[in-house]
Amino acid sequence: MPNWTLETSTLTCRLTLVEGALTWQMTSATHPGLDVAPSPLSRITLAGLGLSTTKGPSPSAVEGLGLAAVEGHGPSNVEGPGLSTVEGQPLRLGDAADAEFGEGAGGARTLTLRISSADGRLQLVQHVQAFAGHPFVRTWAELVNLGDAPVRITGCDILNLRAPLDGRNNLFHVEQFSWNYRPDKFALHKVQIVPGRAAHEIRMGSFGAHYWAPTSCAWAALRAGLDPHDEPDTALSEIGLVLGIEFNGKSRLFAWARDGYTCLRSAIDDLAHVLAPGQTFDVPACFVGRFMGDWDEAGYVTQRFAEAHVHPPMPDARYPWAQYNSWGYGQDIGEAQQLAAIERCAELGIEAVVMDLGWARCIGDWRPDPAKFPRGLRPLSERCAALGMRFGVHMALAQMSPDAPAAKAHPEWLIHTGNDYFGAAPLCLSHAPCREWLIGEIMRLIDEEGVNYIIQDGEDMVKLCWRDDHTHAPGDSNYANAEHGLDRVIAAIRRQRPHVTLENCEDGGCMLTYKMARLYHTSITVDNIATYATRQGIYGASYPFSLRYSVRYMQDDPNRYTLRSAIFGGPLILMQRITEWTPQQVAETRAAIAKYKELRALTRDAKVIHLIAPRYNVEGLGWGWDAIQAVSPDQSRSVVMVFRAMGGPAQRTIRPRGLRAESIYRLRAEDRGDLGTIVGEALMRDGLALALDELGSEVIWIEAA
């Protein structure tokens, strides 16, 4: 059977073509972690429209991989749209492939296979990438229709893997934002994957913030060990693997155990893509990596890999910025008021200013409201530029008011005319004429008004559209509105106006995928929300994502406690009526922003250590203690942010981690001053006793003496 090996200094990835299907596996002799046993790669299901009834891989081949011999290579008891047994047959490949090895940036090596289908009508172009210095494999593919008849794609697996593990296996993942599902934001989940139990299901991708069910960041980590509900994390094995999904549409990850393996499968929801002759279907990318350590280490190796090979470059050397957003004034904004706010921003040390909802004539008519901004936005953007600040606007890209001129000229662009977001209707971005119009409007706005920052907002950026007069197939909007809609709009901005910084804000911290993190420079974690929930968002999102993807909108009045709750990570965005602040509030905020700028020099490259989780969002104020830590890569510097909400004991012992055991460190507290020196091993073992009042906080600096 044909096989190919992709090897770097960190791992070995082997691909095999066996009985009409591709498999992959990952091992490493140099970087500890879990191996991946031979597993299906880019499994696609086809149906109808001229497709032959060629059978898929034989049952013996499927059973040889240790997977269920049912449609989908997944557990037969899994139900759900597009994830149970789907219509059609698996794509069957031919017996030979053209292989090409290549070198990429940053020590990446790429293997590209071109394999025709058994009947010669389709070609799979499979890409696999491995990275020197990072123990990760990234895969993606294209399916090209070489025939003269359309083919309907009804199923596509983004990822399949089997990890051989002994004992009980534990999957860790983090929820994304929801207004309605639970008051505790970005909840952490450690789930046992046990043979004989139903598959664990995780929804990922673009879900509206008002969706009444759990959805998660498109990341997960796997380790072996005892039940995490009964034992501390130290009872778990230190070898593990992590995965990330690069798809903004709705997908689901299933995890189950069988025959001595933990099986993971990620698949696209509700796929009904018509692939016309000569067209290409893109199989979304994913990545899988190895790690040695705890869940913090799983997050850290992911973040270092993503910063090197997924995320856009930092917008500048100062990033993440201290910012201002006009939403504290609601939609009642205007030129004189916001020019005054810009002057206050300069006084505070702000680095970017954004006009939120209300600056435009209406949603979908992306020109400044002449009553509010009679001279347009240029006076604001030019004043920001003169003061050394960026200037941006809020845009609900996938919404349009029925009263907007484009909606009246093209009512067919709207999915319906009801209220989907602040009176605006949903727009179908995968409909090509609508998408191209929107791209043109964004470019005009950027150039005319001096915009160099855009917040993309709205209720579920990947819309559900069943119209049969659009350029996507009816029922295929989950895939099309992601890959051919939103993604193409954002990619066009990046390509045509590379100076513009892009923020994902899907009605709160939704759509936290690695396709989002490939296209955008930053993302919100929690929406305009109270202090405790803000800390929950930072705590949870800093497992999968670098801290620059932890935007927090600060709505509470500024004081020492609320400001400290917002300065770990970035960007920090003030969302208050800053022109109405007292001199004391101005002074405290200016000092906090200066501290934020000091912190970001450490936190943007640091390893985040999760010490005490903020688990109890009681009445918006929270309960008990929480603490989070950042450690520099060389372990010479660290900062610990400690908080006490309502209730809980008056004193706690905080035990930092991630320090050099033999080094001597000097401790300094922002409020208590010099705390002396201590050996790293003793500090991590014995900790530091702190007393805090309710709604109290402390910042502890730890530096090698």
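Quick note: structure is the one above.
Residues numbered from 1 in each chain as written. Predicted model: local features only at pLDDT ≥ 70, side-chain atom pairs only at ≥ 80, totals over all residues. Heavy atoms only, no water.

### Looking at the side chain of R162
As for its position among the elements, R162 is in strand β11 (residues 151-164). Within the buried set, R162 has no salt-bridge partner at all; the shortest N-O distance to an opposite charge, 6.8 Å, is to D259. In this structure the side chain of R162 is engaged in a polar contact, spanning 3.1 Å, whose partner is the backbone oxygen of P38. (Helix = DSSP H or I, 4+ residues; strand = E, 2+ residues; numbered from the N terminus. Buried < 20%, exposed > 50% of the residue type's maximum accessible area, 1.4 Å probe, protein only. Lys, Arg positive; Asp, Glu negative; His and termini not counted. Salt bridge = Lys/Arg side-chain N within 4 Å of Asp/Glu carboxyl O. Polar contact = N/O pair within 3.5 Å; in protein donor to acceptor, adjacent residues only side chain to side chain.)

### Here we look at the packing of aromatic side chains
The full count for this structure, using the stated rule, is 23 aromatic pairs. Through successive ring pairs, a cluster of aromatic residues spans F131, F136, F287, F305, Y514, F545 and Y549. The ring of Y261 has R162 lying over it, and the distance from NZ or CZ to the ring centre is 4.2 Å. The cationic tip of R223 hangs over the ring face of W295; the distance from NZ or CZ to the ring centre is 4.6 Å. (Phe/Tyr/Trp six-rings, centres within 6.5 Å; stacked < 30°, edge-to-face > 60°. Lys NZ or Arg CZ within 6 Å of the ring centre and 35° of its normal.)

### Here we look at the sheet that holds strand β22 (residues 352-355)
Here we have eight strands rolled up into a closed barrel, ordered β21-β22-β25-β28-β29-β30-β31-β32, and parallel in their pairing. Strand-to-strand twist across the sheet, computed as the mean angle between neighbouring axes with direction ignored, equals 30°. Note: strand β21 (residues 322-325) against strand β32 (residues 572-574), three bridges, orientation parallel. Of the residues in β32, the one forming a bridge with Q323 is I573. (Pairing = 2+ DSSP bridges. Axes fitted to C-alpha atoms, helices over the stretch in contact; angles between N-to-C directions.)

### Re the packing of helix α6 (residues 432-449) against helix α7 (residues 477-496)
For any two helices packed against each other, one specifies the crossing angle of their axes together with the interaxial distance. Axis separation between α6 and α7 bottoms out at 10 Å; the angle between their running directions is 30°. Looking at the two axes, α6 sits roughly parallel to α7. Crossing of α6 against α7: the hand is right-handed. Here R435, L438, I439, I442, M443 and I446 of α6 come into contact with α7, specifically with H484, G485, R488, V489, A492, I493 and Q496. Of the residues assigned to the contact of α6 with α7, the class counts are eight nonpolar, three polar and two charged. (Parallel < 35°, antiparallel > 145°, perpendicular 65-115°, else oblique. Left-handed = near helix turned anticlockwise from the far one by under 90°. Contact = heavy atoms within 4.5 Å. Nonpolar A, V, L, I, M, F, W, Y, C, P; charged D, E, K, R; others polar.)

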